[in-house]
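Descriptive structure summary
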Amino acid sequence: MKLTIKDVAAAKGKRKLTMLTAYDYPMAACLEKAGIDMILVGDSLANVVLGLDSTKDVTMDQMIYHARAVRRGAPATFIIGDMPFEAYQKDVGQAAVNARRFVDEAGCDAVKLEWFEGALEAAGRVLDAGIPVMGHIGLTPQTADKLGGFKVQGKDAQAAHRLIGQARDFEKTGCFAVLLECVPAQVSRVITQALKVPTIGIGAGFSCDGQVLVTHDMLGLFERFKPRFVRQYARMTQDMVRAFEEFQSDVREGRFPAEEHCFKIKEEEFRKVMREEN
Ligand code: KIV
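Position numbers for residues count from 1 along each chain, tracking the sequence in the order it is written. Reporting of local features is limited, given that this is a predicted model, to residues whose pLDDT is at least 70; pairs of side-chain atoms are given and counted only at 80 or more, and all residues count toward the totals for whole chains, interfaces and linings. Hydrogens are left out, water is left out, and the side-chain values use all remaining heavy atoms of the structure.

Concerning helix H8 (residues 157-173)
So the rule is basically this: The numbering of helices and of strands both runs from the N terminus, where a helix is a DSSP run of H or I of at least 4 residues and a strand a run of E of at least 2. Multiplying 1.5 Å by the residue count of a helix minus one yields the expected span of that helix. Working definition: with a 1.4 Å probe on protein chains only, accessible area under 20% of the residue-type maximum means buried, over 50% means exposed, and in between means partly exposed. The directions considered for the arc are those from the helix axis to the C-beta atoms. Any two residues having at least one pair of non-hydrogen atoms within 4.5 Å are treated as being in contact.
A rise of 1.5 Å per residue sets the reference length of H8, with its 17 residues, at 24 Å; its end C-alpha atoms lie 24 Å apart and thus fit the reference within 8%. The complete set of buried residues in H8 reads Ala159, Ala160, Leu163, Ile164, Gln166, Ala167 and Phe170. All buried residues of H8 project into a common sector of 155 degrees when viewed along the axis, lining one side. Seen from the open side of H8, the exposed residues pointing more than 90 degrees away from its buried face are Ala157, Gln158, His161 and Lys172. Turning to H8, the residues buried within the fold contact strand E4 (110-114), helix H7 (119-128), strand E5 (133-138), strand E6 (177-181) and helix H9 (185-194).

Structure (structure tokens):
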């Protein structure tokens, strides 16, 4: 059964929440079959599906296109649309309009947005429009250039205090959960204990109230780089390449298609064809 915001809140301290990303129909269908609590249509779409270098380059229209396919694959799962950079960081005034698109056009249940100097204003506008928001702190890829690159955040006392403050501010604004990316485990524990809403970690240790991974990373389906915090549960690229090679040799050596893959017409009809042809 589809989770509600109430269920997500009630899970804190009782059971761990699970979240994985999806960008298309078949992946979403598999996640729903597995009973994953929440699906994130992540802006990691840019890297793992579109082959772009930066998540900043994915557009709102592309996110909606993929989110619609995800909803078709997982009609009974709580789906979060990840607000791309252009949806709220270029102009905070557009935050609610774009969040509404995720709900109305793609059937999402909530949106996620990353910390930046205007994050609380953006979150507030979306919440005022009646749309639940998950805040994202720590390593925020859309502003990684301002954080010194793709690095663990909150590694000294001052930076850790800053993260704790951001998490508290997101909660005060009304976010239903806070995602922590690449945060030292001890700092995540403090944040998780300080908040009433659940924390969802990625590279943020085991104290978080839930965990998320980019599905293509955990399936071994994205080979350009593998973050240290990822556990690979499958080697899909290897399996796919092996299947493609096998198809190729089967075709070349006459093993595919086989008898069971062929359609037939009745012998008498075929004899007529041959008579006419000869
Ligand atoms: O876009 C994404 O996939 C994310 C990850 C943190 C899960 O935001």
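A few points about the pattern of salt bridges
Cut-off, in case you're wondering: What counts as a salt bridge is simple: a side-chain nitrogen of Lys or Arg found within 4 Å of a carboxyl oxygen of Asp or Glu.
Evaluation of the coordinates by the stated rule reveals 17 salt bridges. The residue Lys264 makes a salt bridge to Glu259 at a minimum N-O spacing of 2.6 Å. Both residues of the pair, Lys264 and Glu259, count as exposed. Taken together, the shared-partner salt bridges connect Lys2, Arg71 and Asp109 into one network.

Structural notes on the side chain of Ser188
Positionally, Ser188 belongs in helix H9. On the basis of relative accessibility, which here comes to 0%, the residue Ser188 falls in the buried class.

Some points on the pairing of strand E7 (residues 199-202)
Rules: For two strands to be treated as a pair, DSSP must find no fewer than two bridges joining them.
Alternating residues of E7 divide into Thr199 and Gly201 and Ile200 and Ile202, and every residue in both groups is buried. Relative to E7, E6 runs parallel, the two sharing four bridges. Opposite Glu181, over in E7, you have Ile202 as the bridge partner. Of the pairings in the sheet, the one linking E7 to strand E8 (residues 210-213) comprises two bridges and is parallel in character. Within E8, the position partnered with Ile200 by the bridge is Gly210.

Quick look at the nonpolar core
In plain terms, the rule: For the purposes of this section, nonpolar cores are sets of buried Ala, Val, Leu, Ile, Met, Phe, Trp, Tyr and Cys residues that join through side-chain atoms within 4.5 Å.
Ranked by internal contacts, the top residues of the largest apolar core, which has 78 residues, are Met83 and Leu113. Every residue in contact with Leu113, bar those within four places of it in the chain, is listed here: Met83, Tyr88, Ala119, Ala122, Ala123, Val126, Val133, Met134, Gly135, His136 and Phe170.

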